[in-house]
Amino acid sequence: MATVSQRLAELGIVLPAAPAAVGAYVPVLRFGNVVVTSGQLPWQGNQLAYTGQLGKTLTVEQGYAAARLCAINALAQIQAAVGNLDAVKQILRLEGYVHCAPDFRQQPQVLNGASELLNQIFGDKGRHTRTALGIHAMPLDAAVQLVVWAEVESSPAG
Amino acid sequence: MATVSQRLAELGIVLPAAPAAVGAYVPVLRFGNVVVTSGQLPWQGNQLAYTGQLGKTLTVEQGYAAARLCAINALAQIQAAVGNLDAVKQILRLEGYVHCAPDFRQQPQVLNGASELLNQIFGDKGRHTRTALGIHAMPLDAAVQLVVWAEVESSPAG
Amino acid sequence: MATVSQRLAELGIVLPAAPAAVGAYVPVLRFGNVVVTSGQLPWQGNQLAYTGQLGKTLTVEQGYAAARLCAINALAQIQAAVGNLDAVKQILRLEGYVHCAPDFRQQPQVLNGASELLNQIFGDKGRHTRTALGIHAMPLDAAVQLVVWAEVESSPAG
């Protein structure tokens, strides 16, 4: 079976440096065999790649790309916390917050940008639970905020 | 003490088939002794029984019924994950998201539809923590979205 | 190293009685070595000290104070659950929900009122992950709702 880094390479994904926190907190933390990230925004380097609201200034395709980018940033955080993404035993839970207009209903389609990427990278280990919520006001006007919970091996794979 | 299925029968509740996920994820997952559901909507068969916004197109009574229905669907998910609801040691946490008008303040009364049902079914084991939030835009225009976290016995009761 | 109660005393903080739940649930719960609170509101005695919306009727400074007060109430809950805040091994996660106008973007600055207090009290053990969301409708018109997750020692410190 391909390792996570092989699958990332096949998908042409280079994990960025794990984005810093926007406040007096840390971006990721491990307790027991669980890793949880802070809310990840669609950072690309020092800039938010997607700002604005779905159903108003952004298309579903742009939202999908924003959610995918949040997931990539979350993976960078998890890698920073556990050293090696092959130590991920299961992606447990995605909390997906979509910045949108009041009549927008396609939060699931937007968040599939994160979910489908995790499925591609981790296979069965990438099958996760999810919440999908429409949010009316978001820090820094970000299009999506995403939290990832993962279970990792007791002793991280070398 | 009555079993969970006895109490469900007393309440006239027949657990439905566990609703499918609305996207590229799974509806429930167990890790260690914790089970967490994806966001449950008020499905009744293939239809959402309650759509619209509290404080606008829905009454508190309808919201209460929607939250109760979400909880029933969540129990169907937990049963699918652990095989037997008597294996539930404790309902840990409810995340309650209420689709509502900006000036609606009775999210707690709406979510009591879920909380009171869990208390009736599980007694002390049903006493849970909760968040209650007003949400301005919801997937499929659902009235309520509910996540249930539960602790289960290490080896599920037969 | 100073104990938590010494640091609370230095900061002039007297923990209140743990606020009661606003519905059919419990305000805090422990499972395994994890403690999670229900959504905490800025109660001061029997009154909400901060109601209304950030970016509309409340300043960032008032929001900061509201978040700090929610954190104090959360600590009262955790103390009620584990008996002694010195048993806290790590603050794991803050869920920060800020009641605000649609164009408000400073949820992080508001929630720093909670984060900075936890850092002051717990030092490295206070470094936590965080979500920061803008919410359009809140129970009882509260300015902030805050959930705190903490890891505690297996056998609470005497």
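Above this note sits the structure.
Residues numbered from 1 in each chain as written. Chains lettered and ligands numbered in written order. Predicted model: local features only at pLDDT ≥ 70, side-chain atom pairs only at ≥ 80, totals over all residues.

Considerations on the overall build of chain A
Okay, step 1: Each helix and strand counted, chain A has three helices and seven strands in total.
Okay, step 2: For chain A, the C-alpha radius of gyration of 15 Å lies close to 15 Å, the compact-globule estimate for 158 residues.
Okay, step 3: Dimensions of chain A, computed from C-alpha atoms along their principal axes, come out at roughly 45 × 35 × 25 Å.
Okay, step 4: Relative to its full complement of 158 residues, chain A shows a buried share of 59%.
Okay, step 5: When contacts within chain A are restricted to residue pairs at least 6 apart in sequence, those whose partners lie at least 24 apart make up 81%. (Helix = DSSP H or I, 4+ residues; strand = E, 2+ residues; numbered from the N terminus. Rg over C-alpha atoms; globule rule 2.2 N^0.38 Å. Buried ≥ 20, exposed ≤ 12 C-beta atoms within 10 Å, placed from the backbone. Contact = placed C-beta atoms within 7 Å.)

A few points about the interface of chain A and chain B
Okay, step 1: Counting from both sides, the interface comprises 26 residues of chain A and, opposite them, 22 residues of chain B.
Okay, step 2: At the level of elements, strand 5 (88-99), helix 3 (107-122) and strand 6 (129-135) of chain A are the ones that each hand at least two residues to the side of chain A that touches chain B.
Okay, step 3: No other element matches the seven residues that helix 3 of chain A contributes to the side of chain A that touches chain B.
Okay, step 4: Residue composition of the side of chain A that touches chain B, by class: ten nonpolar, ten polar and six charged. (Nonpolar A, V, L, I, M, F, W, Y, C, P; charged D, E, K, R; others polar.)

With respect to the pairing of strand 2 (residues 34-37) of chain A
Put simply, side chains in a regular strand alternate between the two faces of the sheet.
All names here are of chain A.
Okay, step 1: Bridge count between strand 1 (residues 28-31) and strand 2: four bridges; the pairing is antiparallel. Looking at the pairing, L29 lines up with V36 of strand 2.
Okay, step 2: Hairpin connection, strand 1 to strand 2: the antiparallel pair is bridged by two residues, and G32 has positive phi, about 55°.
Okay, step 3: Pairing of strand 2 with strand 7 (residues 144-152) involves three bridges; the strand directions are antiparallel. If you follow V36 over to strand 7, its bridge partner there is W149. (Pairing = 2+ DSSP bridges.)

Let's talk about the sheet that holds strand 6 (residues 129-135) of chain C
Residue and element names in this part refer to chain C.
Okay, step 1: If you trace the five strands from one edge of the open sheet to the other, you get 1-2-7-5-6, paired in mixed fashion. A single partner strand is all that each edge strand has here, and the edge strands are strand 1 (28-31) and strand 6. The mean inter-strand angle of the sheet, taken between neighbouring strand axes irrespective of direction, is 15°.
Okay, step 2: Across the sheet, helix 2 (residues 60-82) is in contact with strand 1, strand 2 (34-37), strand 5 (88-99) and strand 7 (144-152); its angle to strand 7 comes to roughly 40°.
Okay, step 3: Set on the sheet, helix 3 (residues 107-122) makes contact with strand 5, strand 6 and strand 7; between it and strand 5 the angle comes to about 160°. (Axes fitted to C-alpha atoms, helices over the stretch in contact; angles between N-to-C directions.)

Quick notes on the nonpolar core
Okay, step 1: Formed by 174 residues in total, the largest nonpolar core has its most connected members in A:I78, A:V144, B:I78, B:V144, C:I78 and C:V144.
Okay, step 2: Filtering out sequence-adjacent residues up to four positions away, A:I78 remains in contact with A:V28, A:V35, A:T37, A:L85, A:V88, A:V148 and A:A150. (Core = buried A, V, L, I, M, F, W, Y, C linked by C-beta atoms within 7 Å.)

Considerations on the relation of the copies chain A and chain B
The two chain copies are related to each other by a rotation about an axis together with a translation along it.
Okay, step 1: Laying chain A over chain B is done by rotating through 120° and shifting 0.0 Å along the axis; what remains is an RMSD of 0.0 Å. Within this description, the copies of the chain are treated as partners about a three-fold rotation axis.
Okay, step 2: Comparing contact sets, just 4% of the residues at the interface of chain A also lie at the interface in chain B, consistent with a heterologous contact between different surfaces. (Least-squares fit on C-alpha atoms with pLDDT ≥ 70 in both.)

Looking at the relation of the copies chain A and chain C
Okay, step 1: Mapping chain A onto chain C is achieved by rotating through 120° and translating by 0.0 Å along the same axis, at an RMSD of 0.0 Å.
Okay, step 2: In this assembly the copies use different faces: only 5% of the residues contributing to the interface of chain A also contribute to that of chain C.

Quick look at the interface of chain A and chain C
How large an interface is tends to be reported as the accessible area lost when its parts come together.
Okay, step 1: Each side of the interface is counted separately: chain A has 22 residues, and chain C has 26 residues.
Okay, step 2: The element that contributes the greatest number of residues to the side of chain A that touches chain C is strand 1 of chain A, accounting for three residues.
Okay, step 3: Of the residues that constitute the side of chain A that touches chain C, the class distribution is 15 nonpolar, six polar and one charged.

Things to note about helix 2 (residues 60-82) of chain B
Residues that lie three or four places apart on an α-helix share one face, since the helix turns once every 3.6 residues.
Residue and element names in this part refer to chain B.
Okay, step 1: Taking 1.5 Å per residue as the helical rise, helix 2 with its 23 residues ought to reach 33 Å, and the 33 Å between its terminal C-alpha atoms agrees with that figure.
Okay, step 2: With 18 of 23 residues buried, helix 2 is to be regarded as a mostly interior element.
Okay, step 3: Backbone geometry just after helix 2 places G83 at a positive phi near 90°. (Expected span 1.5 Å × (residues − 1).)

Looking at the environment of B:N84
Residues and elements named next belong to chain B.
Okay, step 1: Mapped onto the elements, N84 comes out in the loop between helix 2 and strand 5 (88-99).
Okay, step 2: You can call N84 partly exposed: it has 16 C-beta atoms within 10 Å.
Okay, step 3: With 13 residues separating them in the primary sequence, N84 and A71 have C-alpha atoms 16 Å apart.

Observations concerning the sheet that holds strand 2 of chain A
Residue and element names in this part refer to chain A.
Okay, step 1: Spatially, 1-2-7-5-6 is the arrangement adopted by the five strands of the open sheet, whose pairing is mixed. Looking at which strands have only one partner, the edges of the open sheet turn out to be strand 1 and strand 6. Here the average twist between neighbouring strands, direction ignored, is 15°.
Okay, step 2: As paired strands, strand 5 and strand 7 are joined by nine bridges and run antiparallel to one another. From the neighbouring strand, V88 faces strand 7, where its bridge partner is V152.
Okay, step 3: Sitting on the sheet, helix 2 (residues 60-82) is in contact with strand 1, strand 2, strand 5 and strand 7, with an inclination near 40° to strand 7.

Focus: the environment of C:L8
Residues and elements named next belong to chain C.
Okay, step 1: Among the structural elements, L8 can be located in helix 1 (residues 4-10).
Okay, step 2: Residue L8 is classed as buried on the basis of its 20 C-beta neighbours within 10 Å.
Okay, step 3: Residues L8 and S38, spaced 30 residues apart in sequence, show a C-alpha to C-alpha distance of 22 Å.
Okay, step 4: With near-sequence residues (within four places) excluded, L8 lies in contact with I13, L15 and I121.

Re the packing of helix 2 of chain A against helix 3 of chain A
All names here are of chain A.
Okay, step 1: Put simply, helix 2 and helix 3 touch, their axes get as near as 7 Å, and they point 40° apart. As the angle between them shows, helix 2 and helix 3 are arranged oblique. Here helix 2 and helix 3 pass one another in a crossing that is right-handed. Contacts between helix 2 and helix 3 involve V60, G63, Y64, A65, A66, A67, R68, C70 and A71 on the former and, on the latter, Q109, V110, L111, N112, G113, A114, L117 and L118.
Okay, step 2: The residue inventory of the contact of helix 2 with helix 3, partitioned by class, reads twelve nonpolar, four polar and one charged. (Parallel < 35°, antiparallel > 145°, perpendicular 65-115°, else oblique. Left-handed = near helix turned anticlockwise from the far one by under 90°.)

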